[in-house]
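As a plain string of letters, each chain reads:
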Amino acid sequence: MEKRFARESRCFKTSRIFPTDVNNHNTLFGGKLMSYIDDIASIAAHKHCRRSVVTASTDSVDFLYPIHTSDSVCLESFVTWTGKSSMEVFVKVVTEDLKTGERKIAATSFLTFVALDDNKVPVEVPHVIPETEEETKLHESAPQRAEMRRIRRGESKRLAEFFTMKYPWE
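Residues numbered from 1 in each chain as written. Predicted model: local features only at pLDDT ≥ 70, side-chain atom pairs only at ≥ 80, totals over all residues. Heavy atoms only, no water.

- The protein is annotated in an unreviewed UniProt entry as Acyl-CoA thioesterase of Paenibacillus chondroitinus.
- Regarding the protein, the relevant UniProt record gives this comment under Sequence similarities (unreviewed entry): "Belongs to the acyl coenzyme A hydrolase family." (UniProt positions renumbered as here; feature names shortened; annotations may be inferred.)

The structure is reproduced here in structure tokens:
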């Protein structure tokens, strides 16, 4: 099976926070950040497998610090681990106060993507090779996160059996 280094999928996106991007607390709207996260993670997954990809799950988004209009936000993403047709992508969100230069890791996220062939059928992806300490730590801990995803997905499917699909007015 083909292999690729984690660095080959690495992507960066830097944005300024504008007043139209904030919520009623005057901090970056969580949905806006989640959109940035899914966007950059999908690019990393696509670069890793050089195929179309779909988001299979957003495994976690942990908001650690608020992001203000005086900040910029820099997202970094890369593939940390692969299954047969799936890829775990890590996204690190670093906020920087543009006046002071102070930086914080404002959020972290793990997402799973599946590679698709031209007929939209899942296709095998290259294995990922970590190199840095950060990449290695994430790669080594990935099987535990994959097991948690498998369990959570099963629970979600079982729970979905109890939900109604009727609209309130029906």
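Let's pick the thread back up.
1. A short note on a nonpolar patch on the surface
Argument step 1. Together, Leu-64, Tyr-65 and Ile-105 give the surface a local cluster of nonpolar side chains, amounting to about 290 Å² of exposed area.
Argument step 2. Relative to the elements of secondary structure, Ile-105 occurs in strand β6 (residues 103-116).
Argument step 3. Under the relative-accessibility criterion, Ile-105 is labelled partly exposed at 40%. (Patch = residues over 30% accessible without salt bridge, like charges linked within 9 Å, V, L, I, M, F, W, Y side chains within 5 Å. Areas by Shrake-Rupley, 256 points an atom, 1.4 Å probe, with all protein chains shown as cover. Salt bridge = Lys/Arg side-chain N within 4 Å of Asp/Glu carboxyl O. Helix = DSSP H or I, 4+ residues; strand = E, 2+ residues; numbered from the N terminus. Buried < 20%, exposed > 50% of the residue type's maximum accessible area, 1.4 Å probe, protein only.)

2. A word on the packing of aromatic side chains
Argument step 1. Scanning all chains against the criterion turns up 3 aromatic pairs.
Argument step 2. With a centroid separation of 5.9 Å and 70° between ring planes, the pair formed by Phe-78 and Phe-90 is classed as edge-to-face. Of this pair, Phe-78 sits in strand β4 (residues 71-82) while Phe-90 is found in strand β5 (residues 86-97), placing the two residues 12 residues apart along the sequence.
Argument step 3. What links up through ring pairs into an aromatic cluster is the set Phe-78, Phe-90 and Phe-110.
Argument step 4. Here Arg-10 stacks its cationic end above the ring of Phe-78, 4.2 Å away from the centre of that ring. (Phe/Tyr/Trp six-rings, centres within 6.5 Å; stacked < 30°, edge-to-face > 60°. Lys NZ or Arg CZ within 6 Å of the ring centre and 35° of its normal.)

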